[in-house]
Amino acid sequence: MLLGGLLKFTLIDYPGRLAAVLFTQGCNFRCPFCHNPELVLPDLFHAPLGVEEVFVFLEKRRGQLQGIVVTGGEPTLHPDLPEFLARIKALGYLVKLDTNGSRPDVVRKLAEARLVDYWAMDIKSSLANYCKASGVEVDLEAIKTSIAVIKAAGVEYEFRTTALKGLVDDRDIVDIGSLLGSSQPYHVRRGNLQGKILDSGLADRPDYSVEEWARIQAVKI
Ligand code: SF4
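Being a predicted model, the structure only gives us computed values, none of them experimental.

What follows covers the nonpolar core. Core analysis: the largest hydrophobic core is formed by 61 residues, its most contacted members being Phe84, Leu85, Ile88 and Trp119. The contact partners of Ile88, leaving out residues within four places of it in the chain, are Leu22, Phe55, Leu58, Ile68, Val70, Tyr93 and Val95. Formed by five residues, the second largest nonpolar core is a distinct cluster that contains Tyr14, Ala19, Val21 and Val69.

Structural data, given as structure tokens:
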């Protein structure tokens, strides 16, 4: 595993749990609004954390933290992810995994091995705009398969979209609703272009008008 960061405590990243967050290095997407370019662009990578040091921390926090969020970057790119998660779970932690859903075979393998207790998958946009919102060519069948595997995994999950004008509008949200099926745990959050983002050229992009954002929020999934 290449770990680019550790957040030692969070109340908001694992719903209902006290948790820490581990950030993996490397991603196969280039979402222009990404707030973690140092986990995505190899030229910006810092020296990775020592995995054994991380486990020393996790050992110490047993009984204090309930869950560990593994996020990225894109965690499923790391071939030793199953062993890594198994080791975390062996310490008694719940595991939440954040993924872009591009590696359904890995998602399935982790789900079948019961190595994830909570799935969070980003839905970048409607299928028609998926590649634009992801910044790369995306295998859309892979996205659909990951959605299906996560829904059938028998554990908690959520799907979520970061909405940015020009990449996601209310019609995209309607299409995402069709993709997910009704009554899914689904959240739309407004994209934020403050601070560092992967495509700095986006900083001047106009935001949604009040009416546009209201239309997005009014879509019922
Ligand atoms: S926001 Fe996009 S580019 Fe950034 S880590 Fe997530 S999937 Fe990768």
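Past the structure itself, the notes keep going.
Our focus in this paragraph is the environment of Arg103. Among the secondary structure elements, Arg103 is positioned in the loop between strand S4 (94–99) and helix H4 (104–112). Judged by relative accessible area, which is 31%, Arg103 ranks as partly exposed. In this structure the C-alpha to C-alpha distance between Arg103 and Thr161, which are 58 residues apart in sequence, comes to 18 Å. Sequence-distant contacts of Arg103, defined by excluding residues within four places in its chain, comprise Thr76, Leu77 and Ser146.

Lining the immediate surroundings of the ligand are Cys27, Phe29, Cys31, Cys34, Val40, Gly73, Asn100 and Lys124. Residues belonging to the shell around the ligand are distributed by class as follows: five nonpolar, two polar and one charged.

Scoring rules and cut-offs
- Residues numbered from 1 in each chain as written.
- Predicted model: local features only at pLDDT ≥ 70, side-chain atom pairs only at ≥ 80, totals over all residues.
- Heavy atoms only, no water.
- Core = buried A, V, L, I, M, F, W, Y, C linked by side-chain atoms within 4.5 Å.
- Buried < 20%, exposed > 50% of the residue type's maximum accessible area, 1.4 Å probe, protein only.
- Contact = heavy atoms within 4.5 Å.
- Helix = DSSP H or I, 4+ residues; strand = E, 2+ residues; numbered from the N terminus.
- Near = heavy atom within 4 Å.
- Nonpolar A, V, L, I, M, F, W, Y, C, P; charged D, E, K, R; others polar.

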